[in-house]
Amino acid sequence: MAEEKGYETRSVKRLNTPKLTSAYQKEWFMGLRKRIEAGEPFGFVGANTPMEILQAMDIPFVVNQWWTAICAAKQMGPRFYDLLEQAGYRNDICSYCAAAYACSLDPKPEEGPWGGLPNPTLIICGETCSSGIKIEELMTEAFGAEAFRIHHYHQDVIRDNWWELSCDNWEELIGKKRLDFYENELRLLISFLEQKTGRRLDLNRLIETLNNVNEQETYYRMTRDLIAKTVPAPVTVTDTVNAVMQAQWHRGTRWGVEMAKSLYEEVKERVEKGIPAVPNEKIRLLWIGRGLWFNLAFYQHFEEKYGAAFIWTMYLGIASDGYIRRNVEENPIRSLASRFCFLEDILHVPPFNSQWFVKEAKHNQIDGVVFLVPENCMNNGDFSYNIIKSLEDAGFPVCVLRADPADSKKWDQERMVAAVEELIENRIIPKKF
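Cut-off values and rules
- Residues numbered from 1 in each chain as written.
- Predicted model: local features only at pLDDT ≥ 70, side-chain atom pairs only at ≥ 80, totals over all residues.
- Heavy atoms only, no water.
- Helix = DSSP H or I, 4+ residues; strand = E, 2+ residues; numbered from the N terminus.
- Buried < 20%, exposed > 50% of the residue type's maximum accessible area, 1.4 Å probe, protein only.
- Contact = heavy atoms within 4.5 Å.
- Areas by Shrake-Rupley, 256 points an atom, 1.4 Å probe, with all protein chains shown as cover.
- Lys, Arg positive; Asp, Glu negative; His and termini not counted.
- Charge placed at Lys NZ, Arg CZ, Asp CG, Glu CD.
- Polar contact = N/O pair within 3.5 Å; in protein donor to acceptor, adjacent residues only side chain to side chain.
- Axes fitted to C-alpha atoms, helices over the stretch in contact; angles between N-to-C directions.
- Parallel < 35°, antiparallel > 145°, perpendicular 65-115°, else oblique.
- Left-handed = near helix turned anticlockwise from the far one by under 90°.
- Nonpolar A, V, L, I, M, F, W, Y, C, P; charged D, E, K, R; others polar.
- Core = buried A, V, L, I, M, F, W, Y, C linked by side-chain atoms within 4.5 Å.
- Salt bridge = Lys/Arg side-chain N within 4 Å of Asp/Glu carboxyl O.
- Pairing = 2+ DSSP bridges.
- Phe/Tyr/Trp six-rings, centres within 6.5 Å; stacked < 30°, edge-to-face > 60°.

K.L.:
Please set out the overall build of the protein chain residue by residue, giving values where relevant.
P.N.:
Helix and strand counts for the protein chain come out as 19 helices and eight strands. Structurally, the protein chain occupies a C-alpha span of about 65 × 50 × 40 Å along its principal axes. Scored against the burial criterion, the 433 residues of the protein chain give a buried share of 61%. Across the protein chain, the fraction of contacts at a sequence separation of at least 24, relative to all contacts at a separation of at least 6, is 81%. For the protein chain, the exposed surface amounts to about 17,100 Å²; the carbon and sulfur share of it is 49%. Taken as two groups, the 51 positive and 61 negative side-chain charges of the protein chain have centres that lie 2 Å from each other.

K.L.:
Account for the environment of Gln55, with residues named and values stated.
P.N.:
Position of Gln55 among the secondary structure elements: in helix H3 (residues 51–56). Those residues in contact with Gln55 that sit more than four places away from it in its chain are Phe61, Arg205, Thr209, Trp249, His250, Arg251 and Thr253. At a separation of 3.3 Å, a polar atom in the side chain of Gln55 contacts the main-chain carbonyl oxygen of Arg251.

K.L.:
Go over the packing of helix H12 (residues 237–248) against helix H15 (residues 314–322), please, and point to the residues and values.
P.N.:
At their nearest, the axes of H12 and H15 sit 9 Å apart, and the two run at 50 degrees to each other. Taken together, the axis directions place H12 and H15 in an arrangement best described as oblique. Seen along the crossing, H12 lies across H15 with a hand that is left-handed. For the pair H12 and H15, contact is made by Val241, Val244, Met245 and Gln248 and by Tyr315, Leu316 and Ala319, respectively. For the contact of H12 with H15, the class distribution of residues is six nonpolar, one polar and no charged.

K.L.:
With reference to specific residues and values, describe the nonpolar core.
P.N.:
With 147 residues, the main nonpolar core has Trp66, Leu193, Ile288, Phe298, Leu391 and Leu401 as its most contacted residues. It is helix H6 (residues 95–103) that contributes the most residues to this core, eight residues altogether.

K.L.:
Outline the pattern of salt bridges, supporting the account with residue identities and numerical values.
P.N.:
When their charged atoms lie close together, side chains carrying opposite charge are able to pair. Taken as a whole and assessed by the stated rule, the structure comprises 40 salt bridges. With a shortest N-O distance of 2.9 Å, Arg334 and Asp180 are connected by a salt bridge. You can see Arg334 sitting in helix H16 (residues 332–348) and its partner Asp180 sitting in helix H10 (residues 176–197), a full 154 residues away along the chain. Here the residues in one salt-bridge network are Glu171, Lys176, Asp180, Glu183, Arg187 and Arg334, joined through shared partners.

K.L.:
Quick one: what's the story with the packing of helix H2 (residues 17–37) against H12, residue by residue and with numbers?
P.N.:
Interaxial distance between H2 and H12 falls to 8 Å at its minimum, and their mutual angle equals 40 degrees. Judged by the inter-axis angle, H2 sits oblique to H12. Crossing angle aside, the handedness with which H2 passes H12 is left-handed. Residues Thr17, Pro18, Thr21, Ser22 and Gln25 of H2 lie in contact with H12, whose contacting residues are Asp239, Asn242, Ala243 and Gln246. When the residues that make up the contact of H2 with H12 are grouped by side-chain class, the tally is two nonpolar, six polar and one charged.

K.L.:
Please set out the sheet that holds strand S2 (residues 61–63) residue by residue, giving values where relevant.
P.N.:
The parallel open sheet is built from four strands, whose spatial order is S2-S1-S3-S4. At either margin of the open sheet sits one strand with a lone partner, and together these are S2 and strand S4 (146–149). Strand-to-strand twist across the sheet, computed as the mean angle between neighbouring axes with direction ignored, equals 20 degrees. As paired strands, strand S1 (residues 43–45) and strand S3 (residues 122–125) are joined by three bridges and run parallel to one another. Within S3, the position partnered with Val45 by the bridge is Ile124.

K.L.:
Lay out the sheet that holds strand S5 (residues 283–288) in plain terms, naming residues and giving numbers.
P.N.:
Through backbone hydrogen bonds, the strands of a sheet pair up, either in parallel or in antiparallel fashion. A sheet is described by the order of its strands in space; here four strands give the open sequence S6-S5-S7-S8, paired in parallel fashion. Looking at which strands have only one partner, the edges of the open sheet turn out to be strand S6 (308–312) and strand S8 (398–401). Pairwise comparison of adjacent strand axes, ignoring direction, gives a mean angle of 30 degrees for this sheet. In the sheet, S5 pairs with strand S7 (residues 368–372) via four bridges, with the strands oriented parallel.

K.L.:
Please set out unusual backbone geometry residue by residue, giving values where relevant.
P.N.:
The step from Val231 to Pro232 runs through a cis peptide bond, and the omega angle for that step is -5 degrees. Mapped onto the elements, Pro232 comes out in the loop between helix H11 (203–229) and H12. One non-glycine residue, Trp114, lies in the positive phi region at around 55 degrees. Assignment of secondary structure puts Trp114 in the loop between H6 and S3. Overall, Trp114 belongs to the buried group, its relative accessible area being 15%. Notably, Gln365 is not glycine yet its phi reads approximately 55 degrees, a positive angle. Mapped onto the elements, Gln365 comes out in the loop between helix H17 (350–363) and S7. Note on Gln365: relative accessible area 38%, which makes it partly exposed.

K.L.:
Give me the packing of aromatic side chains: which residues, what numbers.
P.N.:
Note on aromatic pairs: each is described by the distance of the centres and the angle between the planes. As enumerated under the stated definition, the model contains 27 aromatic pairs in all. Seen from their ring centres, Trp287 and Tyr299 are 4.8 Å apart, and the 85 degrees between their planes marks the pair as edge-to-face. Taken together, the positions of Trp287 in strand S5 and Tyr299 in the loop between S5 and helix H14 (303–306) put the pair 12 residues apart, joining distant regions of the chain. Tyr299 shares its class with Trp287; the two are buried. Measuring from centroid to centroid gives 5.2 Å for Phe298 and Trp411, while their planes differ by 85 degrees, and the two rings are edge-to-face. Separated by 113 residues along the polypeptide, Phe298 in the loop between S5 and H14 and Trp411 in the loop between S8 and helix H19 (413–432) bring together distant segments of the chain.

Written out as structure tokens, the structure is:
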């Protein structure tokens, strides 16, 4: 791929855990295909849906954004987005949400990653993005699936210290009226799944699943904190982003817990042995936005020349602060509803998340921020200004990269490298040294 692109796209691996998670993905997916071919129902869900319910009901499912990342990592994004253009869609359609729909247009779907995406029979989606809603409607029609939409209850609640309340005081944080609404939405979803699949939700199994989630995310929090306090950092985002992202789509399983524990233990060992990821680390960078799956080597491009290490992404950050809900036994559905509706705020409501990024930048001893803002995502325009302003006001210079995180044919390596180098040379180095 380096020869085709003219630059290296594959990152150097320092840890074993990302290799384990990557290897497992293919094995798991092939097993999932066999279950579907045997006649089991197959759910296709968005990243901000309560997938733990499907996990507890043993309904096979794939996450939309996971599939997009797999397509991008395998350099197959351009193929699928070309199919959209050939079908008459504009070339700035939201690529991160549309990859799976593009697969439905493929005359040779079996040539997709690992034999291609099976036809979903159930599609579970939210309604926080009008573009995403339309794409999901097209998918439902194309695949002949049945859809369930979780309705959105919008409420502007600005709590700059949400991360101090979310684990134990989520009722106070979210409010009874809104939480009642989302609990009812999840109960309707459960009824829909039971009716369409013939399976029943065992609340004890759901409690077990949610406690596994808590354990998994606690390991991520411990990992985040180790990286934050250790200078030079023991790992960079190229070591954590795949390990975290891939295991997060298996939240609630013991495999997910074991992978989170494995990542923590590897990072802890490097800290104890004094093994840095970037020995000449001088600058610590924070990456906001979706992972650059088709070009993870980009994160390492600045290490040797500047001693600049990308050490933080939202994947580990949100895992650390956004998912844990203790004391789930009393009402597991309500506790899950509290996280589901709250993560919608973290991802989509501007004031809710801006100060969290500032908190994370301070906690991780960050010198500068690179923010990937996809111009083809309707949500990014809503919240990017607030985050950028909050970080800049707090003293963290921000470089904005306007690029497509899933379609590699739209990536301009030279321009993106130059933008980050400008941040380092003109805004970080003069201030820091």
